[in-house]
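Chain and residue survey
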Amino acid sequence: MSSAIKTVQEISDPRLSGRAVKRIAFDEAAIAARVGELGREISAAYPDGELLVLGLLKGSFIFLSDLVRQITRPLQVDFLVASSYGDGMVSSGTVRLVYDPETQLEGKDILLVEDIVDSGRTLNRLMHILGERKPRSLEICALLHKRIAGGLEHETRFVGFDAPHEFLVGYGLDHAENFRHLPYIASLQ
Ligand code: PRP
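About the criteria used
- Residues numbered from 1 in each chain as written.
- Predicted model: local features only at pLDDT ≥ 70, side-chain atom pairs only at ≥ 80, totals over all residues.
- Heavy atoms only, no water.
- Near = heavy atom within 4 Å.
- Polar contact = N/O pair within 3.5 Å; in protein donor to acceptor, adjacent residues only side chain to side chain.
- Areas by Shrake-Rupley, 256 points an atom, 1.4 Å probe, with all protein chains shown as cover.
- Helix = DSSP H or I, 4+ residues; strand = E, 2+ residues; numbered from the N terminus.
- Core = buried A, V, L, I, M, F, W, Y, C linked by side-chain atoms within 4.5 Å.
- Buried < 20%, exposed > 50% of the residue type's maximum accessible area, 1.4 Å probe, protein only.
- Contact = heavy atoms within 4.5 Å.
- Salt bridge = Lys/Arg side-chain N within 4 Å of Asp/Glu carboxyl O.
- Pairing = 2+ DSSP bridges.
- Right-handed = clockwise from strand over helix to strand, strands pointing away.

**Remarks on the site of the ligand**
Close contacts around the ligand come from 16 residues, with Glu114, Asp115, Ser119, Gly120 and Thr122 the closest. Measuring from an oxygen atom of the ligand, one finds a side-chain N or O atom of Thr122 at 2.4 Å. The separation between an oxygen atom of the ligand and a polar side-chain atom of Asp174 is 3.3 Å. Compared with its free state, where it exposes 490 Å², the ligand has 79% of that area covered by protein. Every element with two or more residues in the shell around the ligand is listed here: β2 (51–57), β5 (109–117) and α3 (121–131).

As structure tokens, then:
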């Protein structure tokens, strides 16, 4: 190959099982560099206190595992599982906690880790639920932010990238539960 820049059509990735993707929005190197910066920002932002990093499953699982290894201060990790949807395929507009962390939140610095902020509905509801547990502080770290949420009640303090308004998969993000394991973030055709 003469050029270092490959179009997606030129990339033969068996993980895609033939599915066409439009482009790679963020490649492995760009993600790793930005996650390293976020780790340094977060380490500096919490000079003291008990830091509890709460990963929102499933989408955040890869981002969270990379991020916590870039944070150079003591911390604990737990997870939340929320569901934005009821039994149907259309969003019910409600967010339900399917798994609630057993860890005590009161008095701790809570960092809620999300893969992507889209409508912001999930975060608005979760921040309300977590705020009631009387943490010392409560902040959000999102790898991607679509910047379209008009009704966001809380600023996302740590943002990896502004996301293009495309359907993104990989690095934890799925389409019908597929493609979460891609090491890069791509947009689907
Ligand atoms: C996705 C994504 C975020 C949320 C963002 O989760 O991971 O958590 O939606 O959307 P919002 O800003 O419009 O609320 P999803 O419910 O698809 O679950 P998943 O993390 O298991 O993929």
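**Overview of the nonpolar core**
With 28 residues, the main nonpolar core has Ile42, Phe63, Leu67, Cys141 and Leu144 as its most contacted residues. Among the elements of the structure, β1 (21–26), α1 (28–45), β2, α2 (61–68), β5, β6 (137–145) and β7 (158–162) are those that each provide at least two residues to this core. At five residues, the largest contribution of residues to this core is made by α2. Not counting residues up to four positions away in its chain, the partners in contact with Leu67 are Val35, Leu38, Gly39, Ile42, Val113 and Cys141. Ranked by size, the runner-up nonpolar core spans 17 residues in total, among them Leu80, Ile110, Leu112 and Leu138.

**Focus on unusual backbone geometry**
The omega torsion of the bond from Leu57 to Lys58 falls at 0°, within 30 degrees of zero and hence cis. Residue position: Lys58 is located in the loop between β2 and α2. The backbone phi angle of Arg147 is positive, close to 55°, even though this residue is not glycine. Residue placement: Arg147 occurs in the loop between β6 and β7.

**Points about the side chain of Ser187**
Tracing the backbone through its elements, the reader meets Ser187 in strand β9 (residues 185–188). A residue is classified by how much of its surface remains accessible, and Ser187, at 0% relative accessible area, is buried. A polar contact of 2.7 Å, which involves the side chain of Ser187, links it to the side chain of Glu166. Setting aside chain neighbours within four positions, we find Ser187 in contact with Val21, Lys22, Arg23, Glu166, Phe167 and Leu168.

**Considerations on the pattern of salt bridges**
For the coordinates displayed, the defined rule picks out 14 salt bridges. With a closest N to O distance of 2.9 Å, Arg69 and Asp66 form a salt bridge. Taking relative accessible area as the criterion, Asp66 reaches 24% and is therefore assigned partly exposed. Across the pair Arg136 and Asp109 runs a salt bridge, and its minimum N-O distance is 2.9 Å. Of this pair, Arg136 sits in the loop between α3 and β6 while Asp109 sits in strand β5, and the two are 27 residues apart along the sequence.

**Concerning the pairing of β5**
Buried residues dominate β5, accounting for nine of its nine residues. Relative to β5, β2 runs parallel, the two being bridged by five bridges. Paired with Val53 across the bridge in β5 is Leu111. Pairing analysis gives eight bridges linking β5 to β6, with the strands arranged parallel. Within the sheet, the bridge partner assigned to Leu112 lies in β6 and is Ile140. Chirality of the crossover, the property in question, places the unit of β5, α3 and β6 among those that are right-handed.

**Quick notes on the sheet that holds strand β8 (residues 168–169)**
Ordered in space as β1-β9-β8, the three strands form an open sheet in which the pairing is antiparallel. The strands lining the two open edges of the sheet, one partner per strand, are β1 and β8. Pairing analysis gives four bridges linking β1 to β9, with the strands arranged antiparallel. Bridge pairing in β9 links Ile24 to Ala186.

All quantities given are derived from atomic positions and should not be read as evidence of function.
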